[in-house]
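# Observations on chain architecture
Below, each chain spelled out in residue letters.
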Amino acid sequence: MDKELKLIIQPYDNWFNDVDEETNLQAKAALLEFYRVLRKKKPDTRYEMGDIYHFRYLLFFVNIKKAFEEEKYLRVCNEFHSLMYYTPLFQKRVYNNAINILETYLEIKGG
């Protein structure tokens with residue numbers, strides 16, 4: 001797990017998202033910083049064959065999308081933290097999906 005990325009979202013890693021609106025917006029700002037740092041890093045060029053859970057990362061993106069749509073940014077941080085723990089974030093398929101979902105829901109133009 002990338003330590004720099006983990007440090008950005010770890011303070012907001014709360015699946016319940018049972019916080020005030022200000023903290024929720026701070027989590028959104030952390031996700032913007034997470035995106036900026038992630039964007040500077042490059043995906044792995046070597047493909048890593050997965051195990052039986054090869055497509056497990058897609059379940060995390062379903063949960064991330066749902067949390068974004070509910071504007072539960074701490075839950076998004078929690079799901080990204082889990083994604084990084086359980087899957088290789090820098091595999092191109094995972095990395096590209098992470099970039100795309102962050103750009104879409106944080107309304108980032110032009111990557």
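For the structure itself, consult the block above.
Anyway, here's the lowdown on the structure attached to this text. (Residues numbered from 1 in each chain as written. Predicted model: local features only at pLDDT ≥ 70, side-chain atom pairs only at ≥ 80, totals over all residues. Heavy atoms only, no water.)

### A closer look at the packing of aromatic side chains
Operational definition: Here the aromatic set is Phe, Tyr and Trp, taking the six-membered ring for Trp, and pairing holds for ring centres within 6.5 Å; pairs whose planes are under 30 degrees apart are stacked, those over 60 apart are edge-to-face, and all others are tilted. The way it works is that DSSP assigns letters per residue, a run of H or I at least four long becomes a helix, a run of E at least two long becomes a strand, and they are numbered from the N terminus. Think of it in three bands: with a 1.4 Å probe and only protein chains considered, a residue is buried below 20% of the maximum accessible area for its type, exposed above 50%, and partly exposed in between. Either the NZ atom of lysine or the CZ atom of arginine qualifies as a charge over a ring when it sits within 6 Å of the ring centre and within 35 degrees of the ring normal.
All chains considered together, the criterion is met by 9 aromatic pairs. Seen in terms of ring centroids, phenylalanine 61 and phenylalanine 80 are 6.5 Å apart; in terms of plane orientation they differ by 85°. Their pairing is edge-to-face. Of the two residues, phenylalanine 61 is situated in helix H3 (residues 57-69) and phenylalanine 80 in helix H4 (residues 73-86); the sequence distance between them amounts to 19 residues. Neither residue differs from the other here; phenylalanine 61 and phenylalanine 80 are each classed as buried. Aromatic side chains phenylalanine 68 and tyrosine 73 sit 6.2 Å apart centroid to centroid with 65° between the ring planes, which places their arrangement in the edge-to-face category. Aromatic ring contacts, followed pair by pair, group Phe34, Tyr57, Phe61 and Phe80 into a single cluster. Of note, arginine 56 hangs over the ring of tyrosine 86, and the distance from its end group to the ring centre comes to 4.6 Å.

### Comments concerning unusual backbone geometry
Positive phi, close to 55°, is recorded for asparagine 17, a residue that is not glycine. The topology assignment puts asparagine 17 in the loop between helix H1 (3-9) and helix H2 (21-40). Unlike most non-glycine residues, glutamate 107 shows phi in positive territory, near 55°. For glutamate 107, the position within the fold is in the segment after helix H5 (92-105).

### Some points on a negative patch on the surface
Put simply, the test is: Patch definition: residues with relative accessible area over 30% and no salt bridge; like charges joined within 9 Å; nonpolar side chains (Val, Leu, Ile, Met, Phe, Trp, Tyr) joined within 5 Å. Residue-level accessible areas treat just the shown protein chains as cover; the underlying method is Shrake-Rupley with a 1.4 Å probe. Basic side-chain nitrogens of Lys or Arg form a salt bridge, by our definition, when they fall within 4 Å of a carboxyl oxygen of Asp or Glu. Counting rule for charge: Lys and Arg are taken as positive, Asp and Glu as negative, and neither His nor the chain ends is counted. For charged residues, the charge sits on one atom: NZ in Lys, CZ in Arg, CG in Asp, CD in Glu.
Together, Asp20, Glu21, Glu22 and Glu71 give the surface a local cluster of negative charge. Inspection of the secondary structure puts glutamate 22 in helix H2. According to the relative accessible area criterion, glutamate 22 is exposed, its value standing at 56%.

### Considerations on the side chain of asparagine 24
The line we're drawing: We call two residues in contact whenever any of their non-hydrogen atoms come within 4.5 Å of each other.
Here asparagine 24 lies in helix H2. In this structure asparagine 24 comes out as buried when scored by relative accessible area, which is 5%. Ignoring sequence-local partners within four residues, the contact set of asparagine 24 consists of Asn17, Val19, Glu71, Lys72, Tyr73 and Leu74.

Keep in mind these numbers describe shape, not what the thing actually does.
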